[in-house]
Amino acid sequence: MQDDARYLKRKVTAGSLDVHPTEKALVVHYEVEASILGESGGHMLAERKEGQKIIRVKSLSPSTDVGALAKKVVEECKLIPPSRLPHVEQLLYYLQNRKSSPVEGKVEKKEKRSVKPRELTPFEGMELNEEASITRVEEYVELLYEGVPEKIRGSALILQLARNPDNLEELLHNVSLYLLLNLAEDTRTELKMRNKNIVGLLVKVLDRDDEELLVLVVSFLKKLSIFLENKNDMAEVETVERLAHLVPCDHEDLLNLTLRLLLNLSFDSGLRAKMVEVGLLPKLTGLLGDESNRQVVLRILYHISMDDRFKGMFVYTDCIPQLMQMLFECGEEEIEAELISICINLAANKRNAQLTCEGNGLKMLMKRALKMKECLLMKMIRNISQHDGPTKPLFIDYVGDLAAEIRAEEEEEWVLECLGTLANLTIPDLDWELVLKEYNLVPYLKDRLKPGSAEEDLILEVVIMIGTVSMDDACAAMLAKSGIIPALIELLNAQQEDDEFVCQIVYVFYQMVFHQATRDVIIKDTQAPAYLIDLMHDKNAEIRKVCDNTLDIIAEYDEEWGRKIQSEKFRFHNNQWLEMVESRQADESETYLYDNDNDRTDLFYTADGITPADGSVSPDFFSDLQAQNGDSYHTEDDKGVFDQTSSSPGRPATAYGFRPDEQPFYQYS
């Protein structure tokens, strides 16, 4: 057989990489496979052998450039592929910060007692199967300590070390956790650890005072937290409560790791609520001045600010003044996504908006937004403008500046935010007619009502803007004469499935029938009343409310439409009554509902029934029926004055920020 051998093949495979337990050195494990091949290329003889290479970095000191040193190690050691550079850098950083005493003294003492003449390398065979890996770990633990029980095969030993830290010395606890962290690089092994309640064991260790140990534990939890199952486990064992006492802390690495773990957990709404509950909000706000942790803190705060329940909580911290200061300091540089994101969310709260506008806050925001044409900053301003109270009148000084930006030449996204801000300014006595004329806005608004002329969000904002300016009777008359009402009806036909569009268009009609100058145009020159009758029984409650109030005004001033509206309301109520009775008959319970045997025909169509036999309907009957069903209808006996029994509706709440097809603003990487 040996005579047939022709070729020798040698293959070196890189294995695991870790730190030396006692020296400033890295340990590289590798495997050499030597094969003898025959003439046909088949294996005749093969042998594998494991080895290790120790790379000493004695020059490593607190001032060493770890990144440069890691590159040098990778370049000079061919056993380490370039892809492992981040791992090398991480291990060197660990060596740089590892305490040299009393640990090294203990290790040296145990080395003298060891009868094995080889170097102590705890991470040998890390790439082998789990049983072999743990066996090597156990051997190392026995060399370091006396009194450790007999070898126990499998991962149970390591978990036992983490479970009973008070019964073991500090080094053993740290080593066991560090080994688990490395073993968890294999997701299958990590799953086994989870099945043994690794999360619960780690969270218990968070109560200890050893900062180096806590760095290791928090690192492990942070790694585990990216998986849903582990995150759920953390929610069940009061992880956030235990992490709260670590924020803030003097240990820079521990603080950074804790914040990053909290960031991972903050994607869960329940855990965000827990963070607020345990008092982390003011603590996090206090860290905004820490440059090294500012970004991660902003991201956590952003997640908290997404929840309407907690927006108001920011009022009781110094968060908003700090955010405004950061915006000031940006100068002409682009605002960070994290910073503007949280500002947009917080501006949606009325009290936060008031704090933002204190002093020259609004002036500064408007000046920068108009100069830089920053859409996200204008979105923040738009949120501020939606609140009634002392902030809204502050915008009067900027009406002209905003109107000047409503041009076809501008980017749609920018125009959308400026137009949305203007549309929010429901300020009494604001001369909208003058604004529309001075900036020639009517042609722009009319053109944008055409379906497909722009993005739907912009078209919707145009409708809302028309509803706002129509509060001014002179402005409403000008719009009616421009032919905007037929354009609105055409848009209503095109967007009849979109409740937001329908509601806002109906509100425009409601505003216009309030004014004598536009009421006749709506009633006599358009088919708007017919569309409103079709919508009076819409499934959307807000649409029904605006329709009812608009039709009540129309019925008050036009007898013909009044009869049509009355007839439709009766028809609807009559159908509802019939359906109710039929339903009860199906349940065979009508004998308990009526004292006589009259059938449905007698009930509805005989002289003794509710409705006269000739089918005529008396106004008195219909008024009574409407009152029973909560409708408000006014006959001519009401002295010709429109008196809304239900309160006059304000502008329908827009779905801005809550449209179901729009994702939350979330742009940072």
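Residues numbered from 1 in each chain as written. Predicted model: local features only at pLDDT ≥ 70, side-chain atom pairs only at ≥ 80, totals over all residues. Heavy atoms only, no water.

### Description of the side chain of Ser-305
Along the chain, Ser-305 falls in helix 15 (residues 294-305). Overall, Ser-305 belongs to the buried group, its relative accessible area being 0%. (Helix = DSSP H or I, 4+ residues; strand = E, 2+ residues; numbered from the N terminus. Buried < 20%, exposed > 50% of the residue type's maximum accessible area, 1.4 Å probe, protein only.)

### A word on the packing of aromatic side chains
A full pass over the atoms with the stated rule returns three aromatic pairs. A centroid spacing of 5.3 Å and a plane angle of 20° characterise the contact between Tyr-94 and Tyr-178, whose relative ring orientation is stacked. One end of the pair, Tyr-94, is in helix 2 (residues 85-97); the other, Tyr-178, is in helix 6 (residues 170-183), with 84 residues separating them in the sequence. The exposure class assigned to Tyr-178 is buried, which follows from its relative accessible area of 13%. Members of the aromatic cluster, connected to one another through ring pairs, are Tyr-507, Tyr-510 and Phe-514. (Phe/Tyr/Trp six-rings, centres within 6.5 Å; stacked < 30°, edge-to-face > 60°.)

### What about the nonpolar core?
Across soluble globular proteins, you tend to see nonpolar side chains buried next to one another. Leu-26, Leu-259, Met-380 and Trp-432 are the most contacted members of the largest nonpolar core, which has 177 residues in total. Not counting residues within four places of it along the chain, the set of residues in contact with Trp-432 comprises Val-399, Leu-422, Leu-425, Met-465, Thr-468, Val-469, Asp-472 and Cys-475. (Core = buried A, V, L, I, M, F, W, Y, C linked by side-chain atoms within 4.5 Å. Contact = heavy atoms within 4.5 Å.)

### A few points about the pattern of salt bridges
Summed over all chains, the structure comprises 26 salt bridges. Lys-311 is the salt-bridge partner of Asp-308, the closest N and O atoms lying 2.6 Å from each other. Taken together, the residues span about one helical turn, with Asp-308 and Lys-311 both in helix 16 (residues 308-311) at a distance of three residues. Notably, a salt bridge pairs Glu-410 with Arg-407, separated by 2.3 Å at the nearest N-O pair. According to the relative accessible area criterion, Glu-410 is buried, its value standing at 15%. Residue classification places Arg-407 among the partly exposed positions, given a relative accessible area of 34%. (Salt bridge = Lys/Arg side-chain N within 4 Å of Asp/Glu carboxyl O.)

### Considerations on unusual backbone geometry
That bond from Val-247 to Pro-248 is cis: its omega, -5°, falls within 30 degrees of zero. Within the fold, Pro-248 resides in the loop between helix 11 (239-244) and helix 12 (252-265). Positive phi values are uncommon outside glycine, yet Asn-197 reaches one of about 65°. As for its position among the elements, Asn-197 is in the loop between helix 7 (187-195) and helix 8 (198-205).

### Quick notes on the environment of Leu-261
Looking at the element boundaries, Leu-261 is found in helix 12. Spatially, the C-alpha atom of Leu-261 lies 9.0 Å from that of Leu-243, the residues being 18 residues apart in sequence. The contact partners of Leu-261, leaving out residues within four places of it in the chain, are Val-218, Leu-221, Lys-222, Ser-225, Met-234 and Leu-243.

### Remarks on a negative patch on the surface
Residues Glu-411, Glu-412, Glu-413, Glu-455 and Glu-456 make up a contiguous surface patch of negative charge. In this structure, Glu-412 sits in helix 23 (residues 412-423). Look at Glu-412 and you get partly exposed, because its relative accessible area is 32%. (Patch = residues over 30% accessible without salt bridge, like charges linked within 9 Å, V, L, I, M, F, W, Y side chains within 5 Å. Areas by Shrake-Rupley, 256 points an atom, 1.4 Å probe, with all protein chains shown as cover. Lys, Arg positive; Asp, Glu negative; His and termini not counted. Charge placed at Lys NZ, Arg CZ, Asp CG, Glu CD.)

### Looking at the packing of helix 8 against helix 9 (residues 211-224)
It is the contact of helix 8 with helix 9, at a shortest axis distance of 9 Å, that shows an interaxial angle of 145°. With respect to the hand of their crossing, helix 8 and helix 9 are arranged in left-handed fashion. Contacts between helix 8 and helix 9 involve Ile-198, Val-199, Leu-202, Val-203 and Val-205 from the former and Leu-213, Leu-214, Val-217, Phe-220, Leu-221 and Leu-224 from the latter. Tallied by class, the residues present in the contact of helix 8 with helix 9 amount to eleven nonpolar, no polar and no charged. (Axes fitted to C-alpha atoms, helices over the stretch in contact; angles between N-to-C directions. Left-handed = near helix turned anticlockwise from the far one by under 90°. Nonpolar A, V, L, I, M, F, W, Y, C, P; charged D, E, K, R; others polar.)

### Points about the packing of helix 15 against helix 18 (residues 337-346)
How two helices sit against one another is set out by the angle between their axes and by the gap between those axes. Following both chains from N to C, one finds helix 15 and helix 18 inclined at 25°, their axes separated by 9 Å at the closest point. Comparing their axes, helix 18 and helix 15 come out roughly parallel. The handedness of the crossing between helix 15 and helix 18 comes out as left-handed. Between helix 15 and helix 18, the residues in contact are Gln-295, Leu-298, Arg-299, Leu-301, Tyr-302 and Ser-305 and Glu-338, Leu-339, Ser-341, Ile-342, Asn-345 and Leu-346, respectively. Taken together, the residues of the contact of helix 15 with helix 18 sort by class into six nonpolar, four polar and two charged. (Parallel < 35°, antiparallel > 145°, perpendicular 65-115°, else oblique.)

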